[in-house]
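# Working through the structure, step by step
Each chain is listed here by its residues.
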Amino acid sequence: MPRRGWEYRAVRPYQGRYWAYSKANLSEFARRGHIIHRSTGMPRLAQYSDDMPGVALQDLWTDIPPLAPRAQERLGYPTQKPLALLERIVSASSAPGDVVLDPFCGCGTAVDAAQALGRRWVGIDVTHYAVTLIEKRISANHPNAAYTVHGRPTDIEGARDLARRDKHQFQWWAAWRLGAQRYREEKRGADRGIDGRAQFKNGPYGDGWIIISVKGGENVGVHMVRDLRGVIEREDADMGVLISLAEPTPAMIAEAASAGFVPKSAHGRLPRLQIVTVADMLDGRLPKLPPLPIEHLVRGPAPRRKKAHPDQIELLLPFQGQREVIDRGEFVDPRYINFARS
């Protein structure tokens, strides 16, 4: 302990106390800019984080909380981890330019972190749902990222191979290829005749729903069309599409045609039940559908359409841009024509 009585720049220690450092050390601290003088002239030691080694990160991390149920980064994936957690892991275990491998990548939090931190990455997952979810995530967060998807069917032989290996993944892939926004992803049990759903805007009739059923077997029959027709009625859906790996029989085509047209459509005459083969979709020959939302994930069950009370009165209002639609010769509900031309 320095002897009592010595001064530093004419300032003495408080009564009964001593300087914690020698006069030489105080002078060295002042030379290095580590001394701050209060208004009384009393020196104070300034410590900077660059000069302090700190404490090494331990194996128990409590500073990154789990994702809240309504967190903005939530994607609906049940085992999703916080992005901050994966960024710390990637930063601590790799350098920029290294390759990060996530063999069970789920919703892609690890590859998202790797892309943000300048790492190359490889993500692997067995489910088609996860792959499409990661594609949307990377496109949204890193629009300039370059990557390729391997294992997704691009021709009829690849589709047949996927159907043989995993019929559920084939069903989800085929429904996605048509434009489904919801997949039967939760359980591999009974699907109740539904492999996917697509939502569309149906003008004055609100939201419309399309039921998608996928058949990956080589043997198909008219009963499959009848079953889908029953599902459309049961679910109060507007349309149904049967995707078939095999060519449909004449009886199947006739049964689909007998379902008629969508009763209430803001998009012209739409067949209520259609059949499309996987080969058709791969060649770009798609069924006649209303415009579907692009890259829009619809969560939750399809709402049941509420039936209007007999005494309920509908208030019909025009919509912006309606006149231009009529002038182009596109379909408009006849009840709106008087509004549009007034």
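Anything mentioned here points back to the structure above.
Quantities reported herein were computed from a predicted structural model and do not represent experimental measurements.

### Considerations on the environment of Gly206
Tracing the sequence through the fold places Gly206 in the loop between strand E6 (196-201) and strand E7 (207-215). In this structure, the C-alpha to C-alpha distance between Gly206 and Ala266, residues 60 residues apart in sequence, is 9.7 Å. If we ignore the near neighbours within four places in the chain, the residues touching Gly206 are Phe200 and Lys201.

### Details of helix H3 (residues 109-116)
Along H3, six of the eight residues are buried, which leaves the element largely enclosed by surrounding structure. Among the residues making up H3, those that are buried are Thr109, Ala110, Val111, Asp112, Ala113 and Ala114. Its buried side turned inward, H3 meets helix H2 (83-93), strand E3 (99-102), strand E4 (120-123) and helix H4 (128-141). Positive backbone phi, at 75°, marks Gly118, one or two positions downstream of H3.

### Remarks on the pairing of strand E8 (residues 239-244)
With six of its six residues buried, E8 lies for the most part within the structure. Alternating residues of E8 divide into Met239, Val241 and Ile243 and Gly240, Leu242 and Ser244, and every residue in both groups is buried. With six bridges joining them, E7 and E8 adopt parallel strand pairing. Bridged to Ile210 within E8 is Met239. Crossover handedness for the path E7 to helix H7 (residues 222-235) to E8: right-handed. Bridge analysis of E8 against strand E9 (residues 273-277) gives five bridges, and the strand direction is parallel. Among the inter-strand pairings, Ser244 is bridged to a residue of E9, identified as Thr277.

### A few points about the packing of H7 against helix H8 (residues 250-257)
Contact geometry for H7 and H8: axes closest at 8 Å, N-to-C directions at 20°. By the angle between their directions, the pair H7 and H8 is classed as roughly parallel. Crossing hand, H7 versus H8: right-handed. Counting all contacts with H7, which are made through Val222, Val225, Arg226 and Arg229, the residues of H8 involved are Ala251, Met252, Glu255 and Ala256. Taken together, the residues of the contact of H7 with H8 break down into five nonpolar, no polar and three charged.

### Observations concerning unusual backbone geometry
For Asp236, which is not a glycine, the phi torsion comes out positive at approximately 55°. Secondary-structure assignment places Asp236 in the loop between H7 and E8.

### With respect to the environment of Ile156
Along the chain, the position of Ile156 falls in helix H5 (residues 156-165). It is 9.7 Å that separates the C-alpha atoms of Ile156 and Asp283, two residues lying 127 residues apart in sequence. Filtering out sequence-adjacent residues up to four positions away, Ile156 remains in contact with Leu245, Val278, Ala279 and Leu282.

Rules and cut-offs
- Residues numbered from 1 in each chain as written.
- Predicted model: local features only at pLDDT ≥ 70, side-chain atom pairs only at ≥ 80, totals over all residues.
- Heavy atoms only, no water.
- Helix = DSSP H or I, 4+ residues; strand = E, 2+ residues; numbered from the N terminus.
- Contact = heavy atoms within 4.5 Å.
- Buried < 20%, exposed > 50% of the residue type's maximum accessible area, 1.4 Å probe, protein only.
- Pairing = 2+ DSSP bridges.
- Right-handed = clockwise from strand over helix to strand, strands pointing away.
- Axes fitted to C-alpha atoms, helices over the stretch in contact; angles between N-to-C directions.
- Parallel < 35°, antiparallel > 145°, perpendicular 65-115°, else oblique.
- Left-handed = near helix turned anticlockwise from the far one by under 90°.
- Nonpolar A, V, L, I, M, F, W, Y, C, P; charged D, E, K, R; others polar.

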